[in-house]
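What the coordinates show
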Amino acid sequence: MLRTSLRRLLVVVGVSAGLLSAGAWAMPPAGCDGPMHGRMMGRMHAAMDPAKVDARLDKLKSALKLSNGQQAGWQRYADFMREQAKQHREQFDKMREQTPPAHAPERLERMSEHMQLRMKSMEAMKDETRRFYDTLTDTQKTAFDQAMPQPRHGKH
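Residues numbered from 1 in each chain as written. Predicted model: local features only at pLDDT ≥ 70, side-chain atom pairs only at ≥ 80, totals over all residues. Heavy atoms only, no water.

**As for helix α5 (residues 104-133)**
Selection criterion: Starting at the N terminus, helices and strands are each numbered in turn, a helix being any DSSP run of H or I of at least four residues and a strand any DSSP run of E of at least two. Each residue after the first adds 1.5 Å to the expected span of a helix. Summary of the burial criterion: residues with accessible area below 20% of their type's maximum are buried, those above 50% are exposed, and those between are partly exposed, where the area comes from a 1.4 Å probe applied to protein chains only.
With 30 residues, α5 should cover 44 Å at 1.5 Å per step; its first-to-last C-alpha distance of 42 Å lies within 8% of that length. R107, R110, M111, H114, R118, S121, M122, M125, E128, T129, F132 and Y133 are the residues of α5 that are buried.

Okay, structure coming up:
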């Protein structure tokens, strides 16, 4: 019971950290299992599909109604987000192929390593998003804010 609760807590923490990013690009902690985990991991893996990433970016670009002068900044941002999604999908696939360590300290070490990678990625996404966001008009910023997912603490 405690083990399952700890796993769920760790999944929630990992997913919450990931949801702060510009899409459902999150990578979960290692060593989790169970029906809830399987469904969530399937949705997260699907969200990193290149076609879905492109669709989200296309929808955002359309909502922003960018000027010609903003196109180069958009291209940089979109390329960055595609690369982030690709890296997250590769990390996710690698993590799924690994056998979870048998001992709690090693599991926590692996989870810590994954969280550190996610934090580094989140910082890069924050910086790139800020760089692009600062080039937008107030109207475009409102559209961008509305298009980006919000963390859903406590809502499932």
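**Details of the pattern of salt bridges**
Applicable threshold: One side-chain nitrogen of Lys or Arg within 4 Å of one carboxyl oxygen of Asp or Glu is enough to make a salt bridge.
For the structure on display, the rule yields seven salt bridges. The residue E90 makes a salt bridge to K86 at a minimum N-O spacing of 3.9 Å. Pair noted here: E90 and K86 are both in helix α4 (residues 71-97), with a separation of four residues, about one helical turn. According to the relative accessible area criterion, E90 is partly exposed, its value standing at 46%. Across the salt bridge formed by E123 and K126, the nearest N and O atoms sit 3.0 Å from each other. In this pair, E123 and K126 both sit in helix α5, three residues apart, roughly one turn of the helix. What makes E123 partly exposed here is its relative accessible area of 33%. One network of salt bridges, with partners in common, ties together D54, D79 and R82.

**Re the nonpolar core**
Defined as follows: Residues enter a nonpolar core if they are buried and are Ala, Val, Leu, Ile, Met, Phe, Trp, Tyr or Cys, with the set joined through side-chain atoms within 4.5 Å.
Grouped together as the largest cluster of nonpolar side chains are 19 residues, with contacts concentrated most on L60, L64, W74, Y77, F132, L136 and F144. The element that contributes the greatest number of residues to this core is α4, accounting for six residues.

**Remarks on the confidence of the model for the chain**
Our working rule: For every residue, the pLDDT score states the predictor's confidence, bounded by 0 at the bottom and 100 at the top. Contact criterion: two residues are considered in contact whenever any of their non-hydrogen atoms come within 4.5 Å of each other.
Residues with a pLDDT of 70 or more make up 67% of the chain, whose mean pLDDT is 77. Of all the helices and strands in the chain, helix α1 (residues 2-19) carries the lowest mean pLDDT, 45, while helix α6 (residues 138-147) carries the highest, 94. Across residues 1-7, confidence stays below pLDDT 50; counting only partners more than four residues off in sequence or on other chains, it has four contacts. Within the model, the stretch residues 9-31 combines pLDDT values under 50 with 64 contacts to residues more than four positions away or in other chains.

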